[in-house]
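Chain and residue survey
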Amino acid sequence: MKKRRTAEPYKIKAVEPLNMLSREEREQALKRAGYNTFLLDSEDVYIDLLTDSGTSAMSDQQWGALMVGDEAYAGSKSWYRLRDAVQEIYGYQYVLPTHQGRGAENLLSQLMIKEGDYIPGNMYFTTTRAHQELNGGTFVDVIIDEAHDSSAELDFKGDIDLTKLQKLIDDVGAERIPYVCLAVTVNMAGGQPVSMANMREVYELCQRYGISVFYDATRCVENAYFIKEREEGYQDQSIRNILKEMFSYSDGCTMSGKKDALVNIGGFLAMNDEELYIRSRELVVVYEGMPTYGGMAGRDMEAMAQGIYEAADDHFIEHRIHQVRYLGDQLIEAGIPVVRPIGGHAIFLDAKAFLPHIPQDQFPAQALAGALYLDSGVRGMERGIVSAGRNKETGENNKPKLEMVRLTIPRRVYTNNHMDVVADSVIELFEKRDQITGLQMEYEPPTLRFFNARFSPLVESKTLI
Ligand code: PLI
């Protein structure tokens, strides 16, 4: 029998018309942007898959919540609503609001890291590692090897390799490791999840050595869905229950509300340790604001509280994961090299395999992202050698194994027809991939260079394709 199709668990109340530029206009726009999709103007983009961060569509309940936001400087009602939502869904005792995820990362890194410390994690994330390094720490990647192989088909490709973690503890000593940063899911690995079993084991190992475990909970609901789908014993559990168990194997988390809390801005730092909370409260006033608003307006906290509940809904997250997979499956069927299995928030095109004629120091992923924009006005993001930056000791380019273009699907924003348009464009580009040329970097910013770097095509007078 034919598999029955499902649809969005919502209907549309407001629409936002899209701009559709001509090929010539897109060429000019890309040139103005220095061949960096981060520098394109939004109105020059047709389907914007740059990021799923802060790009979610809010529900009518969230828009309504904005109106009842309490803008008191201190003791806002909206803060208590947000705190209660975090306590209820995530289970942590203490919560501090921050303006977004990196605000929480800044606080955690300052509070926990001393010069010369090591912070193991399951693959780096740009802002997370930047804060660790700014505080004198060194990030150590302890993710399983398969996570660096775009074609390895594993259910939980975000897991930590416990042998690697144990080795680091043996080599540098537990006292040099303030905490393990466990991202659920792993953005840079392709949105790959961590299994519940791995979370439990990492926590047990760390407890034996007095090392804390902090989650990067940015896409925790997506991770929970994969556990429900793939890990034995969780099929009949609600997403809420799975989330609670996940967080029980940690001491706290940093959170970017801009992803799995369905808002356009906001974040928080949460923890169970009272002493750490008291110290964090001292720091939040320096960098974010009062502990009852922390860089957010009352209305933003109100919308985020509502978003936390909506994201933990089983129907919402099922559709979310399936929409990403809907696009991914079309590309896999057409033989396009993508990171497999398809992760939670994005499709990652394997630019090394897509463009084998472009060496990594000619920025194949950056070139592919540019070519896709030229072809169809679809904006993706480079996640490869440009994003990986330079080694802080040697000054050499970090050369990540994964050289990718990320096509990130915003939550509740696009329909599957948009996914079809994206699929058609990628497939056509793949057919004429030999014509795509490499890039050279014209301007390199010292920190988080991918945001503002500028490029030009290596072949004069030619656009990328
Ligand atoms: O953008 P922020 O500061 O709210 O959150 C930073 C952040 C932390 N961890 C992870 C896993 C992220 O993905 C993340 C932000 N991600 C962005 C902006 C993205 O486009 O993926």
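Here the structure is a predicted model, which is why all the values come from computation and not from measurement. (Residues numbered from 1 in each chain as written. Predicted model: local features only at pLDDT ≥ 70, side-chain atom pairs only at ≥ 80, totals over all residues. Heavy atoms only, no water.)

A closer look at the nonpolar core
Spelled out, the test is: We call a set of buried residues a nonpolar core when its members are Ala, Val, Leu, Ile, Met, Phe, Trp, Tyr or Cys and they connect through side-chain atoms within 4.5 Å of each other. A simple rule labels every residue: compare its accessible area, found with a 1.4 Å probe on the protein chains alone, to the largest value its type can have, and call it buried under 20%, exposed over 50%, or partly exposed in between. Contacts: residue pairs with any heavy atoms within 4.5 Å of one another.
Formed by 63 residues in total, the largest nonpolar core has its most connected members in Y90, M199, Y215, L243, M246, F268 and I308. Apart from the residues lying within four places of it in its own chain, the contact partners of F268 are V86, Y90, V95, L96, P97, T98, A104, C253, T254, M255, M304 and I308. By size, the runner-up hydrophobic cluster in this structure holds 54 residues, among which are L50, V324, I342 and F450.

Focus on the packing of helix 2 (residues 60-67) against helix 11 (residues 298-311)
Applicable threshold: Structural elements are reduced to axes, namely lines fitted to C-alpha atoms, with helices fitted over the stretch in contact, and the angle between N-to-C directions of any two is expressed from 0 to 180 degrees. Counting from the N terminus, the helices are DSSP H or I runs at least four residues long and the strands are E runs at least two residues long. Under this scheme an angle from 65 to 115 degrees is roughly perpendicular, one under 35 degrees roughly parallel, and one over 145 degrees roughly antiparallel; angles in between are oblique. When the near helix sits turned anticlockwise from the far one by under a right angle, the crossing is termed left-handed; a clockwise turn instead gives a right-handed crossing. Amino acid classes used here: Ala, Val, Leu, Ile, Met, Phe, Trp, Tyr, Cys and Pro are nonpolar; Asp, Glu, Lys and Arg are charged; the rest, including Gly, are polar.
Two elements in contact, helix 2 and helix 11, have axes whose closest approach is 7 Å; the angle formed by their N-to-C orientations is 155 degrees. The angle between the axes of helix 2 and helix 11 places the two elements in the roughly antiparallel class. At the point where helix 2 passes helix 11, the crossing takes the right-handed sense. On helix 11, the residues that touch Q61, Q62, A65 and L66 of helix 2 are R299, E302, A303, Q306, G307 and E310. Grouping the constituent residues of the contact of helix 2 with helix 11 by class yields 3 nonpolar, 4 polar and 3 charged.

Some thoughts on the environment of I239
Inspection of the secondary structure assignment puts I239 in helix 9 (residues 239-248). Judged by relative accessible area, which is 0%, I239 ranks as buried. Those residues in contact with I239 that sit more than four places away from it in its chain are V221, A224, Y225, K228, A312, D314 and I317.

Considerations on the packing of aromatic side chains
Selection rule: Any two rings among Phe, Tyr and Trp, with Trp reduced to its six-membered ring, count as a pair given centres within 6.5 Å; such a pair is stacked if its planes are under 30 degrees apart, edge-to-face if over 60, and tilted if neither.
For the coordinates displayed, the defined rule picks out 12 aromatic pairs. Summarising the aromatic geometry, the rings of Y94 and Y277 are spaced 4.6 Å apart at their centres and angled 15 degrees between planes, so their arrangement reads as stacked. One end of the pair, Y94, is in strand 2 (residues 94-98); the other, Y277, is in helix 10 (residues 274-287), and 183 residues separate them in sequence. Across the pair, exposure class does not vary: Y94 and Y277 are buried alike. On the basis of an interplanar angle of 75 degrees and a centroid distance of 5.8 Å, the ring pair of Y179 and F214 is categorised as edge-to-face.

Some remarks on the site of the ligand
Our working rule: Distances are taken per atom, and a residue is near a molecule or strand as soon as one of its heavy atoms is within 4 Å of it. Pairs of N or O atoms are called polar contacts if they sit within 3.5 Å, as long as, within protein, a hydrogen donor faces a hydrogen acceptor (for residues adjacent in sequence, only side-chain-to-side-chain pairs). Using a 1.4 Å probe, the Shrake-Rupley method yields the accessible areas, and only the shown protein chains count as cover for residues.
As a matter of local geometry, the ligand sits amid 17 residues, with T51, R102, D216, S256 and K259 nearest to it. In this structure, T51 approaches the ligand through a side-chain N or O atom, which is 2.6 Å from an oxygen atom. In the complex, 94% of the free accessible area of the ligand, which totals 470 Å², lies under the protein chains. The element contributing the most residues to the shell around the ligand is helix 4 (residues 101-112), with 3 residues.

As for the sheet that holds strand 11 (residues 381-383)
Note the following rule: Any two strands with at least two DSSP bridges between them are considered paired.
Spatial strand order, 9-12-11: 3 strands in an open sheet with antiparallel pairing. The open sheet has two free edges, formed respectively by strand 9 (346-350) and strand 11, since each of these has just one partner strand. Neighbour-to-neighbour, the strand axes of this sheet turn through a mean angle of 35 degrees, independent of strand direction. For strand 11 and strand 12 (residues 404-408), the ladder comprises 3 bridges, and the chain directions are antiparallel. Along strand 12, the bridge assignment pairs M381 with R406.

Focus on the UniProt feature "domain: Aromatic amino acid beta-eliminating lyase/threonine aldolase" (unreviewed entry) in the protein
Put simply, the rule is: UniProt positions are given in the numbering used here, feature names are shortened, and annotations may be inferred rather than shown by experiment.
Look at the UniProt record and you will see "domain: Aromatic amino acid beta-eliminating lyase/threonine aldolase" (unreviewed entry) annotated at residues 48-424. Secondary structure across residues 48-424 comprises 44% helix and 13% strand; the distance between its end C-alpha atoms is 15 Å.

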